[in-house]
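# Working through the structure, step by step
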Amino acid sequence: MKEIKIATTVKVFKDIEELATADKNLMQQAILARKKAYAPYSKFNVGAALLLANGKIITGNNQENAAYPSGLCAERVAVYYAGAQYPGVKINKLAISASSNITRVDKPVGPCGACRQALAEYEITQKQPFPILFTGEVGEVIKTNSLADLLPFSFDSAYLE
Ligand code: THU
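Please read all numbers here as calculations on a predicted model, not as lab measurements.

## Regarding the site of the ligand
Neighbouring residues of the ligand: Ser42, Phe44, Val46, Asn62, Glu64, Cys73, Ala74, Glu75, Gly110, Pro111 and Cys112. Contact between the ligand and Asn62: an oxygen atom at 2.9 Å from a side-chain N or O atom of the residue. Coverage of the ligand by the protein amounts to 76% of the 370 Å² it exposes when considered alone. When residues of the shell around the ligand are traced back to their parent elements, those giving at least two are β2 (44–52) and α2 (74–85). Split by residue class, the shell around the ligand holds six nonpolar, three polar and two charged.

Have a look at this one:
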């Protein structure tokens, strides 16, 4: 038996104002997308903005459904749209913002497990990590260097070979 330590370093900004201009601009796109979320059931609104290597910014937000499991998270709406419209174009960065109509979200909201898995597919395929920034409605912003930092031991196509 041996033990290994898995360590992740993230940056924590006190709010979006502390971000570098490019990161702040992308987060502002995520906020705009969040405001257009369709979340009548959870009343929890999420926006995601992807910066692609071709300079395009692709945004998505959560799309809920009366048949609850049929809904989709903001991150997957954005990344699948990017994959559909710009196949093979690398993702350079992702920003995520979340708010609630019920409570004040003052902590960074990270992508859910299923979205991490979906995003991992793209990061692994493009062989280039992309930073992810996430925040709530107010307060701190967390910035990771890569999706892999959020999903150690991820499942990928290598297991299928
Ligand atoms: N949601 C996202 O859009 N992204 C996440 O990473 C977590 C959850 C959405 C799904 C659902 O519409 C609502 O937030 C509450 O779970």
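## Remarks on the nonpolar core
In terms of nonpolar packing, the biggest core is built from 22 residues, with Leu50, Leu94 and Ile132 touching the most fellow members. Residue contacts for Ile132: discarding those within four places in its chain leaves Leu94, Ile96, Ile142, Lys143, Thr144, Ser146, Leu147 and Leu150. Among the nonpolar cores identified, the runner-up in size contains eleven residues, and Ala30, Ile31, Ala49 and Val141 belong to it.

## Topic: the packing of aromatic side chains
Taken as a whole, this structure holds two aromatic pairs when the rule is applied. Measuring from centroid to centroid gives 5.5 Å for Tyr41 and Tyr68, while their planes differ by 40 degrees, and the two rings are tilted. Taken together, the residues span a long stretch of sequence, with Tyr41 in the loop between α1 (21–34) and β2 and Tyr68 in the loop between β3 (57–61) and α2 at a distance of 27 residues. Measuring from centroid to centroid gives 5.1 Å for Phe155 and Tyr159, while their planes differ by 15 degrees, and the two rings are stacked. Classification of Phe155 as partly exposed rests on a relative accessible area of 44%.

Parameters and conventions
- Every chain's residues receive numbers from 1 upward, in the order its sequence appears when written.
- Reporting of local features is limited, given that this is a predicted model, to residues whose pLDDT is at least 70; pairs of side-chain atoms are given and counted only at 80 or more, and all residues count toward the totals for whole chains, interfaces and linings.
- Side-chain figures throughout are based on the complete set of non-hydrogen atoms in the structure, without hydrogens or water.
- A cutoff of 4 Å decides nearness: a residue is near a molecule or strand if any of its heavy atoms lies inside that distance of it.
- What qualifies as a polar contact is a pair of N or O atoms within 3.5 Å, subject to a donor-acceptor requirement within protein and to the restriction that residues adjacent in sequence count only when both atoms come from side chains.
- To measure how exposed things are, a 1.4 Å probe is used in the Shrake-Rupley method; for residues, cover is taken only from the protein chains shown.
- Helix and strand definitions here come from DSSP, where helices need a minimum of 4 consecutive H or I residues and strands a minimum of 2 consecutive E residues; each element is numbered from the N-terminal end.
- The residue classification treats Ala, Val, Leu, Ile, Met, Phe, Trp, Tyr, Cys and Pro as nonpolar and Asp, Glu, Lys and Arg as charged. All others, Gly included, are polar.
- To form a nonpolar core, buried Ala, Val, Leu, Ile, Met, Phe, Trp, Tyr and Cys residues must be joined to one another through side-chain atoms within 4.5 Å.
- For the exposure calls, accessible area comes from a 1.4 Å probe over protein chains only, and a residue counts as buried if that area is under 20% of its type's maximum, exposed if over 50%, partly exposed in between.
- Residue contacts are counted whenever heavy atoms from the two residues lie within 4.5 Å of one another.
- Two aromatic rings from Phe, Tyr or Trp, using only the six-membered ring of Trp, form a pair when their centres are within 6.5 Å; if the ring planes differ by under 30 degrees the pair is stacked, by over 60 it is edge-to-face, and anything between is tilted.

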